[in-house]
Amino acid sequence: MQSPLLKIALSLLIITSTNTKATALSEANNKSEQKPNLIIILTDDQGYKDVGFNGSTDIKTPNIDRIASEGTRFTNGYVSYPVCGPSRAGLLTGRYQDRFGFTSNPTMDPTVKQNGIPTSEKNIAEVLKPAGYTSGIIGKWHMGTHPELRPNKRGFDYFYGFLSGGHQYFAKDLTLNSLDDVKYKYDWYRTRLLRNEQRVDTDEYLTDELSHEAVEFIKRESDKPFFLYVAYNAPHTPLQASKEYLDRNKHIPKGKRRTYAAMITAVDDGVGQILATLKEQGIDDNTLVVFLSDNGGARNNASDNGDLRGYKNNLFEGGVRVPFAARWPKKIPAGVDYHQPVSSLDILATIVSQANVDISKNKPLDGVDLIPYITNEKTGSPHDILFWRHVKAKSHAVRSGADKLVQVKQETMLFNLDDDHQENNNIVEKHAEKDAVMQKAYQQWESELQDQAFPYLGSWKKNRPNSNKKAKKKNKSKGVDK
Ligand code: CA
């Protein structure tokens with residue numbers, strides 16, 4: 001068998017061959033049966049180790065763990081960017097978000113027409129709609145605030161949540177009626193929730209509110225194929241948890257970590273309710289449930305990436321390798337660990353392949369149907385190579401087989417993740433040939449990308465006049481990008 005790097009070197013000679021994999025539909029086993037449902041449960045800034053299935057000892061996640069123990073745990077599961085917005089744009093389109101200029105978190109300014117996924121791209125809801133799917137998003141959107149870019153205009157039949165990249169968790173703090181009322185940065189965290197285009201009053205702790213909405217959606221839609229995107233903002237800052245969940249984490253010393261844990265406990269309860277509802281509705285067997293975080297743990301929320309190097313907002317493993325598991329009793333065998341690199345980009349490719357959705361007229365996907373790999377029908381790695389570009393940090397990364405190249409400004413690092421998953425031992429000087437091949441592959445990929453399409457998140461509205469500039473400067477130096 002050729003090494004992944006040799007394969008890449010050869011494939012560079014045939015440039016157009018790199019993105020064709022995902023468009024090939026795999027054979028359906030049961031064409032006559034109803035198309036499978038898809039539920040994506042996405043958490044926000046949750047650390048790699050902060051689930052039981054990746055070894056957490058202080059935070060208990062028995063329900064999330066069921067997705068892994070009754071399905072597949074991906075030990076090398078990646079997202080396509082180390083902060084919220086671009087990562088979600090990649091997940092939802094199945095294409096590297098830099099292909100359409102989604103290179104950072106977008107501005108919240110609702111007058112900017114470019115501030116989300118462009119209408120030239122199709123997200124999962126838009127791809128599945130012609131195949132008869134009903135789609136819902138519960139929770140965080142962050143894919144554009146302009147009226148033409150909001151969920152109901154982008155293929156989702158139902159939206160319950162908020163447009164911002166984070167939110168206040170207690171109903172009493174949701175005091176703004178719309179983005180028009182936002183005077184200062186991050187006050188968009190205080191907007192009342194939306195049910196489709198209507199503002200609603202709420203009374204529950206936000207995570208509970210979202211879980212209950214997810215359950216109701218499943219009950220309503222269980223008689224026909226659906227896609228449900230449960231985009232929890234937990235455990236993203238602000239760190240806020242209700243007494244019930246704090247009390248269940250008294251074994252953790254009082255402080256940020258306990259609150260963070262409590263926020264995950266609330267998510268875990270919600271996952272339990274979602275799984276129980278699938279069973280009650282008789283659709284457990286035919287529903288693919290994918291759980292993952294949108295990026296690695298952040299420095300500011302007391303998360304734990306285990307022994308992975310780095311955090312949210314950088315391209316070391318701690319920024320882009322996330323807790324990732326998938327459960328589908330009909331197709332995925334229980335208790336399988338899958339160790340080859342997989343990507344959030346693969347979710348769309350998997351569902352369209354498994355549901356026999358015709359995407360031949362769509363733009364080519366970067367993802368791959370993972371089911372044949374999980375079931376050993378196909379061997380080898382789903383991806384010969386994966387890329388990341390972080391324009392603001394002047395950084396990029398490439399993974400091929402065990403090799404990972406990380407470029408940060410002028411510094412080039414090469415790691416062998418099989419021997420050195422902590423990325424401590426830079427071996428680039430001994431392997432100049434790998435550096436050359438991977439850099440060339442990156443340059444080829446980068447030539448296909450677009451420049452940033454919209455202003456940065458922080459460009460809209462001023463800081464509060466009494467804000468602590470010193471603290472903000474400190475946060476900025478740590479690369480915190482909300
Ligand atoms: Ca995030």
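Bear in mind the structure is a predicted one, so any value in this text is a computation, not a measurement.

Criteria and thresholds
- Residues numbered from 1 in each chain as written.
- Predicted model: local features only at pLDDT ≥ 70, side-chain atom pairs only at ≥ 80, totals over all residues.
- Heavy atoms only, no water.
- Pairing = 2+ DSSP bridges.
- Helix = DSSP H or I, 4+ residues; strand = E, 2+ residues; numbered from the N terminus.
- Axes fitted to C-alpha atoms, helices over the stretch in contact; angles between N-to-C directions.
- Buried < 20%, exposed > 50% of the residue type's maximum accessible area, 1.4 Å probe, protein only.
- Lys, Arg positive; Asp, Glu negative; His and termini not counted.
- Salt bridge = Lys/Arg side-chain N within 4 Å of Asp/Glu carboxyl O.
- Donors = N, O, S within 2.8 Å, 3.2 Å for Na, K, Ca; no water.
- Tetrahedral: all angles 85-135°; square planar, octahedral: opposite > 155°, others 65-115°.
- Phe/Tyr/Trp six-rings, centres within 6.5 Å; stacked < 30°, edge-to-face > 60°.
- Lys NZ or Arg CZ within 6 Å of the ring centre and 35° of its normal.

Peer 1: Quick question: what am I supposed to make of the sheet that holds strand β14 (residues 395-400) here?
Peer 2: Sheet strands pair via backbone hydrogen bonds, and the direction of the pair is either parallel or antiparallel. One open sheet holds the 4 strands; their spatial order is β13-β14-β15-β16, and the pairing between them is antiparallel. For this open sheet the edge positions go to β13 (386-390) and β16 (411-416), each flanked by a neighbour on one side alone. Each neighbouring strand pair of the sheet contributes to a mean axis angle of 10 degrees, computed without reference to strand direction. In terms of strand pairing, β13 meets β14 through 5 bridges, oriented antiparallel.

Peer 1: Mind showing me how you'd approach the side chain of Arg-150 here?
Peer 2: Relative to the assigned elements, Arg-150 resides in the loop between β4 (134-140) and β5 (158-162). Salt bridges are absent for the buried Arg-150, whose nearest opposite-charge side chain, Glu-197, sits at 4.0 Å.

Peer 1: I keep staring at the pattern of salt bridges and nothing clicks. Help me out?
Peer 2: Close approach of charged atoms allows side chains with opposite charge to pair. Using the criterion set out here, one finds 34 salt bridges in the structure. Residue Glu-213 is joined to Arg-195 by a salt bridge in which the shortest nitrogen-to-oxygen separation is 2.7 Å. Taken together, the positions of Glu-213 in helix α5 (residues 206-221) and Arg-195 in strand β6 (residues 193-195) put the pair 18 residues apart, joining distant regions of the chain. Since its relative accessible area comes to 10%, Glu-213 is described here as buried. The closest approach of N and O atoms between Asp-284 and Arg-327, which form a salt bridge, is 2.9 Å. You can see Asp-284 sitting in the loop between α7 (256-280) and β9 (287-293) and its partner Arg-327 sitting in strand β10 (residues 324-327), a full 43 residues away along the chain. In this pair, the class of Asp-284 matches that of Arg-327, namely buried.

Peer 1: Even after reading the chapter, I still don't get the coordination of the calcium ion, so can you show me in this structure?
Peer 2: Put simply, a metal with four donors set out as a tetrahedron has ideal angles of 109.5 degrees, and one with six donors set out as an octahedron has ideal angles of 90 or 180 degrees. Protein coordination of the calcium ion is provided by Asp-44 (OD), Asp-45 (OD), Cys-84 (SG), Asp-294 (OD), Asp-294 (OD) and Asn-295 (OD1), with donor distances spanning 2.3 to 2.6 Å. Coordination geometry of the calcium ion: the 6 donor atoms subtend angles of 53 to 159 degrees at the metal centre, consistent with an arrangement described as irregular. Between consecutive donor residues of the calcium ion, the sequence gaps follow D-D-x38-C-x209-D-N. Placement of the pair is Asp-45 in the loop between β1 (37-43) and α2 (62-69) and Cys-84 in helix α3 (residues 84-93), with a sequence separation of 39 residues. For the pair formed by Asp-45 and Cys-84, the shared burial category is buried.

Peer 1: So what exactly am I meant to see when it comes to the packing of aromatic side chains here?
Peer 2: The description of an aromatic ring pair rests on the distance of the ring centres and on the angle between the ring planes. One pass over the structure, following the stated rule, counts 21 aromatic pairs. On the basis of an interplanar angle of 45 degrees and a centroid distance of 5.7 Å, the ring pair of Phe-170 and Tyr-205 is categorised as tilted. Of this pair, Phe-170 sits in the loop between β5 and β6 while Tyr-205 sits in the loop between β7 (198-200) and α5; the two residues are 35 residues apart in sequence, bridging distant segments of the chain. On the basis of relative accessible area, Phe-170 is assigned to the partly exposed category, the value being 26%. Three or more aromatic residues joined by ring pairs form one cluster here, namely Tyr-96, Phe-387, Tyr-442 and Trp-445. Between Lys-392 and the ring centre of Tyr-456, over which it is positioned, the NZ or CZ distance is 4.4 Å.

Remember, this is a structural readout, not a statement about activity or role.
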